[in-house]
Amino acid sequence: MAESMFLLWGSGSTPSWRIMITLEEKKLQGYKQKLLSFEKEEHKSKEVLEINPRGQLPAFKHGDNIINESFGACLYLENQFKSQGNKLIPDNPAEQALMYQRMMEGLSLYEKLKLVAFYDFFVPEGERHDSALKRNKDNLVTELQLWERYLENVAADRYLAGGFSLADVVVFPSLACSFAYGLSAERYPKVAKYYNLLKDRPSIKATWPPKWFLIEQKSESLKDI
């Protein structure tokens with residue numbers, strides 16, 4: 001089954017990482033994959049555009065089925081391989097509702113993170129404004145404080161929605177990226193506890209990015225958040 005899957009990905013791409021964690025959790029190791037360089041703009045190559053016309057990573061195929069959006073790919077893999085590997089969508093209605101809620105909120109976290117961590121990369125120099133960056137930082141602080149409350153009772157047997165689920169698959173890479181870019185564990189202790197709880201999970205450890213995108217230039221971009 002995994003042999004019919006093909007993933008083009010970038011190191012430090014949290015959307016790519018979500019799919020890779022899901023593949024590990026579903027015991028779908030052995031899929032074809034290729035690591036591309038953002039710095040060399042390989043994500044704009046013909047090879048990527050043939051699968052993902054947006055010129056973005058990840059680009060993912062399962063046979064003739066193409067699904068590049070990471071949320072959709074994670075849901076697709078869980079639904080196609082329900083009986084294989086670890087179950088990532090709970091049966092309990094309350095836990096399932098909470099899982100979908102936190103999973104979708106994970107997109108807000110990721111978008112607000114990008115607007116700060118990659119501000120200089122995405123915004124041309126002549127269009128950068130201190131007031132805009134401050135607003136983005138304030139929004140990210142508010143978002144992280146919200147996740148601090150969500151993670152008030154995190155424990156080894158209870159993650160974002162009970163057991164480990166797609167909510168964790170979606171949210172953890174963004175939080176890991178935050179710490180890679182200088183987020184203070186002291187300022188966000190519940191988020192840090194959750195990060196430390198999950199960072200050695202086999203599926204996460206096996207797919208940990210070999211390097212973070214632009215880490216050399218941006219390793220301290222979140223230190224004052």
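Quick look at the structure, then.

The rules behind each value
- Throughout, residues of each chain are indexed from 1 in the direction in which the sequence is written.
- With the structure being a predicted model, the display of local features is reserved for residues of pLDDT at least 70 and the display and counting of side-chain atom pairs for 80 or more, all residues being used for whole-chain, interface and lining totals.
- To get the side-chain values, take all heavy atoms of the structure and skip hydrogens and water.
- By convention in this document, the label disulfide applies to cysteine sulfur atom pairs within 2.5 Å.
- Exposure classes here rest on a 1.4 Å probe applied to the protein chains alone. A residue is buried below 20% of its type maximum, exposed above 50%, and partly exposed in between.
- Residues are said to line a cavity or pocket when one of their atoms sits within 4 Å of a point; the points come from a 1 Å grid over protein atoms alone, cavities being sets where a 1.4 Å probe fits but cannot get out and pockets being open sets with protein on both sides within 12 Å along at least five of seven lines.
- Grid points are joined across faces, edges and corners, and a volume is the space filled by probe spheres set on the points.
- Secondary structure is summarised from DSSP: a helix means a run of H or I of at least four residues, a strand means a run of E of at least two, and numbering begins at the N terminus for each.
- Note on residue classes: Ala, Val, Leu, Ile, Met, Phe, Trp, Tyr, Cys and Pro are nonpolar, Asp, Glu, Lys and Arg are charged, and everything else, Gly too, is polar.

## Notes on the state of the cysteines
By the definition in use, this model includes zero disulfides. Here Cys74 stays unpaired: no disulfide links it, and the sulfur of Cys177, its closest cysteine neighbor, is 16 Å away. On the basis of relative accessibility, which here comes to 0%, the residue Cys74 falls in the buried class. Assessed through its relative accessible area of 2%, Cys177 is described here as buried.

## Some details on the layout of surface pockets
Empty pockets left among the atoms are what a rolling probe the size of a water molecule brings to light. Of the voids in this model, the largest pocket is the one considered here, and its volume is about 680 Å³. Along its surface, the largest pocket is lined by 27 residues, and Pro15, Gln56, Leu57, Tyr110 and Lys114 are the ones closest to its centre. Put simply, the parts of the chain that give the lining of the largest pocket at least two residues each are helix H1 (14-25), helix H3 (70-80), helix H4 (93-117) and helix H5 (119-122). Of the residues forming the lining of the largest pocket, the biggest block, four residues, is contributed by H4. Here the lining of the largest pocket is composed, by residue class, of twelve nonpolar, nine polar and six charged.

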